[in-house]
Amino acid sequence: MDFRLAPHEEALRREVCDWLTKELGTSHASDPVPMPPGYMPDRQFELKMGQTGWLAISWPEEYGGRGRPIGEQFIVEKEIALHGGNASDALTRCIIAPMIIAAANDDQKRRYLPGMARGAITACLGYSEPGSGSDFASLQTKAERDGDDYIINGQKIWTSGAESSEYCWLAARTGSEGAKHGGISVFMVPM
């Protein structure tokens, strides 16, 4: 098996590498390097990356992506790490967006994904709770339907990225029937 990059993949890697070298003032390193002090806040880097189209290279085009193979996203992410680039919002693009692509309805996809692809919408994870960490079987936060809305009651802790996010990808119990891992829904809650 040949693990070398195909010519078009190498061209992408070189393009990303050159852009990061210019943007960050770093060279390609064999080990990740820290982002240069005082470069720019996380958000500015994310927005600049969003302008390149690389944040969502593998997402469907209709939602702001480029419709390219997922392997190309890994090439981009590896180059960012090797240059010491900031992975400020990897939560949104690597955890939350794929779940929205896989399970959300079309309206939700149109509402969130294009902004995420540009780096304009960020979200933190609202999983962990006092006394149970991220063990979904012991999730205590509840969401009860109230007409077209849900009323959410509970506590979250260790919410990575909360200080710079517009939304919280919040897990809450919406049902109590069946297994302890069942009856859980996830909400995009404005911060």
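The shown structure was predicted, so the numbers you read here are calculated from the model rather than taken from an experiment. (Residues numbered from 1 in each chain as written. Predicted model: local features only at pLDDT ≥ 70, side-chain atom pairs only at ≥ 80, totals over all residues. Heavy atoms only, no water.)

Draft legend 1. Main features of the overall build of the protein chain. Within the protein chain one finds 5 helices and 5 strands. Listing every helix and strand of the protein chain by position from the N terminus yields α-α-α-α-α-β-β-β-β-β. For the C-alpha atoms alone, the extent of the protein chain along its principal axes is close to 50 × 35 × 35 Å. The contacts in the protein chain between residues at least 6 apart in sequence include a share of 61% that link residues at least 24 apart. Carbon together with sulfur atoms contributes 53% to the accessible area of the protein chain, which is approximately 10,800 Å² in total. The protein chain carries 19 positive and 26 negative side-chain charges, and their two centres are separated by 1 Å. (Helix = DSSP H or I, 4+ residues; strand = E, 2+ residues; numbered from the N terminus. Contact = heavy atoms within 4.5 Å. Areas by Shrake-Rupley, 256 points an atom, 1.4 Å probe, with all protein chains shown as cover. Lys, Arg positive; Asp, Glu negative; His and termini not counted. Charge placed at Lys NZ, Arg CZ, Asp CG, Glu CD.)

Draft legend 2. Structural view of the nonpolar core. The biggest cluster of nonpolar side chains holds 20 residues, and the ones touching the most others in it are Trp59, Ile96, Ile100, Leu113, Met116, Trp169 and Met188. Elements represented by at least two residues in this core include exactly helix 4 (90-103), helix 5 (106-118), strand 1 (123-126) and strand 4 (167-173). Per element, the largest residue contribution to this core is 4 residues, and it comes from helix 5. With residues up to four places along the chain from it excluded, the contact list for Trp59 reads Gly65, Arg66, Gly67, Arg93, Ala97, Ile101, Leu113, Met116 and Ala117. Membership of the second largest hydrophobic core comes to 13 residues, among which are Leu12, Trp19, Leu24 and Ile75. (Core = buried A, V, L, I, M, F, W, Y, C linked by side-chain atoms within 4.5 Å. Buried < 20%, exposed > 50% of the residue type's maximum accessible area, 1.4 Å probe, protein only.)

Draft legend 3. Representation of a negative patch on the surface. Taken together, the side chains of Glu61, Glu62, Asp106 and Asp107 define an acidic patch exposed on the protein surface. Structurally, the position occupied by Asp107 is in helix 5. (Patch = residues over 30% accessible without salt bridge, like charges linked within 9 Å, V, L, I, M, F, W, Y side chains within 5 Å. Salt bridge = Lys/Arg side-chain N within 4 Å of Asp/Glu carboxyl O.)

Draft legend 4. Helix 1 (residues 7-24), seen in detail. The terminal C-alpha atoms of helix 1, which comprises 18 residues, lie 25 Å apart, in line with the 26 Å expected from a rise of 1.5 Å per residue. Among the residues of helix 1, Leu12, Arg13, Val16, Cys17, Trp19, Leu20, Glu23 and Leu24 are the ones counted as buried. Along the long axis of helix 1, the arc covered by the buried residues comes to 165 degrees, so they all point the same way. In helix 1, the exposed positions that point more than 90 degrees away from the buried face belong to Pro7 and Lys22. (Expected span 1.5 Å × (residues − 1). Arc of directions from axis to C-beta.)

Draft legend 5. Quick peek at the packing of helix 4 against helix 5. As a packed pair, helix 4 and helix 5 sit with axes 10 Å apart at the nearest point and diverge in direction by 155 degrees. With respect to their mutual orientation, helix 4 and helix 5 come out roughly antiparallel. The way helix 4 lies across helix 5 gives a crossing that is left-handed. Along its contact with helix 4, which presents Thr92, Ile96, Ala97, Ile100 and Ile101, the element helix 5 presents Lys109, Tyr112, Leu113 and Met116. (Axes fitted to C-alpha atoms, helices over the stretch in contact; angles between N-to-C directions. Parallel < 35°, antiparallel > 145°, perpendicular 65-115°, else oblique. Left-handed = near helix turned anticlockwise from the far one by under 90°.)

Draft legend 6. Here's a closer look at the state of the cysteines. Going through the model one piece at a time under the given rule, you end up with 0 disulfides. Just so you know, Cys124 is unpaired, no disulfide at all, and the nearest cysteine sulfur is the one on Cys168, 3.9 Å from it. Note on Cys124: relative accessible area 0%, which makes it buried. (Disulfide = S-S within 2.5 Å.)

Draft legend 7. The confidence of the model for the protein chain, seen in detail. When the pLDDT values of the protein chain are averaged, the result is 87; 90% of them are 70 or greater. A low-confidence stretch, residues 37-41 (pLDDT under 50), is modelled with 8 contacts involving residues beyond four sequence positions or located in other chains. (pLDDT = per-residue confidence, 0-100.)

Draft legend 8. Structural context of the packing of aromatic side chains. According to the stated counting rule, one finds 5 aromatic pairs in the structure shown. Relative to Tyr167, the ring of Tyr112 has its centre 5.4 Å away and its plane inclined at 90 degrees; by these criteria the two rings are edge-to-face. With a gap of 55 residues between them, Tyr112 in helix 5 and Tyr167 in strand 4 connect regions that are remote in the sequence. A relative accessible area of 7% places Tyr112 in the buried class. The class of Tyr167 is buried, set by a relative accessible area of 16%. (Phe/Tyr/Trp six-rings, centres within 6.5 Å; stacked < 30°, edge-to-face > 60°.)

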